Every structure is written in C-alpha cells, then in structure tokens.
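Listed below, chain by chain, are the residues.
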Amino acid sequence: MSRSTGPVSLAELERRAAQRRDGGGDGHGRDALVVCDRLVRIFTADGVEVQALQGLDLLVGRGELTALVGASGSGKSTLLNILAGLDTPSAGAASVAGFDLVTMDAAARLRYRREVVGFVWQQASRNLLPYLTAAQNVLLPMKLAGGRVPRRERAGRVRELLDLLGVGHCHGRRPEGMSGGEQQRVAIAVALANAPALLLADEPTGELDSRAADEILTALRTANEELGTTVLIVTHDASVASAVRRTIAIRDGRTSSEVLRRAALDEHGDEVLVAQEYVTVDRAGRLQLPAGFAERLSIRDRARVALQPDHITVHRDDSHDA
Ligand SMILES: Nc1ncnc2c1ncn2[C@@H]1O[C@H](COP(=O)(O)OP(=O)(O)OP(=O)(O)O)[C@@H](O)[C@H]1O
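The structure displayed is predicted, hence computed values, not measured ones.

## Focus: the overall build of the protein
Of the regular secondary structure elements, the protein holds ten helices and 13 strands. If one aligns the C-alpha atoms of the protein with their principal axes, the spans along those axes are about 75 × 65 × 50 Å. Considering the protein as a whole, with its 322 residues, one finds that 34% of them fall into the buried category. Of all intrachain contacts in the protein linking residues separated by at least 6 positions in sequence, the fraction that spans at least 24 positions is 62%.

## Focus: the packing of helix α5 (residues 134-144) against helix α7 (residues 180-192)
Taken N-terminus to C-terminus, the directions of α5 and α7 make an angle of 25°; their axes are 7 Å apart at the nearest point. Relative to α7, α5 is oriented roughly parallel. You can see that α5 and α7 cross each other, and the crossing is right-handed. Where α5 abuts α7, its residues Ala134, Asn137, Val138 and Pro141 lie against Val186, Ala189 and Val190. Split by residue class, the contact of α5 with α7 holds six nonpolar, one polar and no charged.

## Here we look at α7
Between its first and last C-alpha atoms α7 spans 19 Å; for 13 residues at 1.5 Å apiece the expected length is 18 Å, and the two agree. Judged by how many residues are buried, α7 sits mostly within the fold: twelve of 13 residues are covered. Residues of α7 that are buried include every one of Gly181, Glu182, Gln183, Gln184, Arg185, Val186, Ala187, Ile188, Ala189, Val190, Ala191 and Leu192, and no others. Structurally, α7 contributes buried residues whose contacts are with β6 (117-120), α4 (124-127), α5, α6 (151-164), β7 (198-202) and α8 (210-227).

## Some remarks on the sheet that holds strand β8 (residues 230-234)
Taking strand neighbours across the sheet as the criterion, the seven strands line up as β6-β7-β8-β3-β9-β10-β11 in an open arrangement whose pairing is mixed. With partners counted over all chains shown, the strands left at the sheet margins are β6 and β11 (271-279), one partner each. Put simply, the sheet's adjacent strands are angled 20° from each other on average, direction ignored. Packing against the sheet, helix α2 (residues 76-83) makes contact with β3 (65-69), β6, β7, β8 and β9 (246-251), and its axis sits at approximately 150° to β7. Sheet strands touched by α8: β3, β7 and β8. Its angle to β8, the strand with the most contacts, is close to 155°.

## A look at the UniProt feature "domain: ABC transporter" (unreviewed entry) in the protein
Per the UniProt record, the feature "domain: ABC transporter" (unreviewed entry) sits at residues 37-277. With 34% helix and 31% strand, residues 37-277 has end C-alpha atoms that lie 22 Å from one another.

## Topic: the sheet that holds strand β4 (residues 91-96)
Strand order in this open sheet of four strands is β2-β1-β4-β5, and the pairing throughout is antiparallel. Single-partner strands in this sheet number two, and they are β2 (48-61) and β5 (99-100). Both β4 and β5 contribute to a ladder of two bridges, which runs antiparallel. The partner of valine 96 across the bridge, within β5, is phenylalanine 99. The sheet strands contacting α2 are β1 (32-45), β2 and β4, and the helix crosses β2 at an angle near 65°.

## A closer look at the pairing of β7
The buried fraction of β7 amounts to five of the five residues, a majority that puts the element mostly inside the structure. Direction of pairing for β6 relative to β7: parallel, over a ladder of four bridges. Looking across to β7, one finds that phenylalanine 119 is bridged to leucine 200. Alignment of β7 against β8, held across five bridges, turns out to be parallel. Within the sheet, the bridge partner assigned to leucine 198 lies in β8 and is threonine 230. Between the parallel pair β7 and β8, the chain is carried across by α8, and the sense of this crossover is right-handed.

## What about the pairing of strand β10 (residues 254-265)?
Where β9 lies against β10, six bridges are found, and the strand directions are antiparallel. By the bridge assignment for β10, arginine 251 is matched with arginine 254. Hairpin connection between β9 and β10: a loop of two residues separates the two successive antiparallel strands, and aspartate 252 in this loop has a positive phi of roughly 45°. The antiparallel pairing of β10 with β11 creates a hairpin that spans five residues between the two strands, and glycine 269 there sits at a positive phi of about 85°.

## As for the domain arrangement of the protein
If you check the domain split of the protein, you get domain 1 (29-269 + 272-277) and domain 2 (289-322). Put simply, the middle of domain 1 and the middle of domain 2, counted by C-alpha atoms, are 37 Å apart.

## Brief notes about the site of the ligand
With respect to spatial proximity, the complete set of residues near the ligand consists of Phe43, Ala45, Val50, Ala52, Gly70, Ser72, Gly73, Ser74, Gly75, Lys76, Ser77 and Thr78. Listed by contribution, the elements that provide at least two residues to the shell around the ligand are β1, β2 and α2.

Conventions used here
Residues numbered from 1 in each chain as written. Predicted model: local features only at pLDDT ≥ 70, side-chain atom pairs only at ≥ 80, totals over all residues. Helix = DSSP H or I, 4+ residues; strand = E, 2+ residues; numbered from the N terminus. Buried ≥ 20, exposed ≤ 12 C-beta atoms within 10 Å, placed from the backbone. Contact = placed C-beta atoms within 7 Å. Axes fitted to C-alpha atoms, helices over the stretch in contact; angles between N-to-C directions. Parallel < 35°, antiparallel > 145°, perpendicular 65-115°, else oblique. Left-handed = near helix turned anticlockwise from the far one by under 90°. Nonpolar A, V, L, I, M, F, W, Y, C, P; charged D, E, K, R; others polar. Expected span 1.5 Å × (residues − 1). Pairing = 2+ DSSP bridges. UniProt positions renumbered as here; feature names shortened; annotations may be inferred. Right-handed = clockwise from strand over helix to strand, strands pointing away. Domains from an automatic or database assignment. Near = placed C-beta within 6 Å.

Structure (structure tokens):
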C-alpha cells in the first residue's frame, strides 16, 4: 500500500516538530523529568566559535539524585545554565517537567525559574541577600512567585525547611553571622522555597571543608528523599560524586560515561554499595570508550569489534600487526 506523498502543511510540520521536541516521536524520554536530546551550545568569542555542548544526550528520571562530573571546560556549567533557564541552546531539544527550554516565551521562562527549578551556586555570597535574615531569604522567592505557597502557610514553610536542613538555629541571622556551610544549607532552603521539581547545584561544596561538605550532601539528600526533589549536582568533589547512586561524566560537551551504584549484601551479610561503570550510547548508536580503557589497550582511530551472543568485544586494531 502506498502512502500519500502530497505536500505536508506547515501546521502538520509544526505539529511533528513539537512531537519530536516533546519526545513523543519515538517515546524518547517520555517518563524522564529532564530530557536533553542532541543539545548543542555554541559561543562566539572574538570571532572564534567554541562548541561547549556538542550533541549532548541526557535523561534524568523523577526523584533521582545525580552527580555530574567532568574536566574543566567540558560543558557542565553550560548545561546547568540551560537547565536553569538562564541560557538557551543553539540547537537540539531540552525540556524539564514538560517545559520546553528552547521555545518557551519570556513569561513561561519566568514561571519556570520561579516554580520549577531551584539553583544553588558555589559562592555562598551569590545565593543569599546579605541584608536579609535566613528566614527572609527563604520567604522572598515565595513572595515573588505569588500564590504558589499560600500567604498563611509561608512562615511555617520557612521554619520547616530550615529545620529540615539542620539550620533552624539560623532563622533570624543574616549571612554574615553564619558559617559557609550554614549559608549553603540556607541557600538550599531558598532554592526549595517554591517546591521545585528540579534542584540544580553548581559546585555547592567547592568553598567548604570536608565536614561542611558532608552536611551539604546530607541536606541535598534530605531534599531528594524527604521532599522527592530531583537533584543534579555538578561537582569536582570525589567524595560527593561517589556518595550518590548515579554519577554522569561529561567529556567534550557530551555525556560519555556513567557510574551506577546499588546496595548489595557482602559475604558477611552487610550492606555495601556496588559500583558499575557504563558508557553512554547516544541516539545514533555512538559511544565513547572510557579514556583510560582506550589508552591502556592503545586503541586509537579504529577498533575491531565482534558481536558475541550476549556482548560485544572491542579490540585494538591489529590489521597491520602481521
Ligand atoms: N560565555 C561564554 N563565551 C565563550 N565561551 C564560553 C562561554 N561560556 C563557556 N564557554 C566555553 O565553553 C566551554 C565549556 O565551558 P563550561 O563553563 O560549561 O565548562 P565546565 O565543565 O563547567 O568547566 P569548569 O569545571 O571549569 O567550571 C569552555 O571551553 C568555555 O571556555
């Protein structure tokens, strides 16, 4: 049976494009909270183009607590800024909680930033207004978002959030009267004020000692487990990256590999976290070998592959060895 080959209307083309953007075309990311599909971000500086994101694919499910790692300049902050609604991609698709980050208009962008996403920056001073108390800092986003948290519930929610994150004692203090770790935990409360679906944290432990960093990680974990917030943390801190269930590595503007950890019982019956490394397979079927693996086996330019019944083998190219 032949299909109609007549001209396709503009409305139909737009409908199909919207379906692709929504992930509806082939079901890509339909259940995920964060969907990035072949995301590209090109910056131009002094006439030179920098491809900060080079076709990045990423799916993050609702309720996940995930760390994002990668060398300096690999594109982590660029991705976070796009997910925060502060920047727009040059090409590709990105959506969070059904908000299309590429096409949303100014009003939707404002609503998105106030109600759907919360952000914690590395510099504590950037997260809090210095002349407001902790309580006033947490209250401010609720006031700005209007009716999302009803007026009569706001004071109670401020206290609950500060207590939940272990900084109830900072309620009436200004940032100058708090430690760096306390400031960051209050910053997390500010980011959670309007019950966002997604909490983004860019190096939240970067300026802290290891004890304060542990407290921040505990606070982020509490937000994730108690409030159900999906949390994405950019970090260079190995202790943070290894303490979450999923760590995604970005290399040259693409997601390249992941470590997934799950609880298992050891031979004594004690619970241990078992880590397993995965590589990302993008929508075109491309994967990047972990850099260490390729170096160790001197795999360059091309590799010999063979399909086995339940796995694929990858060997060094030995076609010139004879
Ligand atoms: N506004 C900009 N203009 C020009 N180039 C930019 C801009 N922002 C980022 N870049 C470039 O894009 C690339 C990715 O930068 P990005 O800040 O996302 O990396 P990163 O992984 O967050 O690095 P770091 O860990 O050092 O913060 C880098 O080459 C950077 O120089």
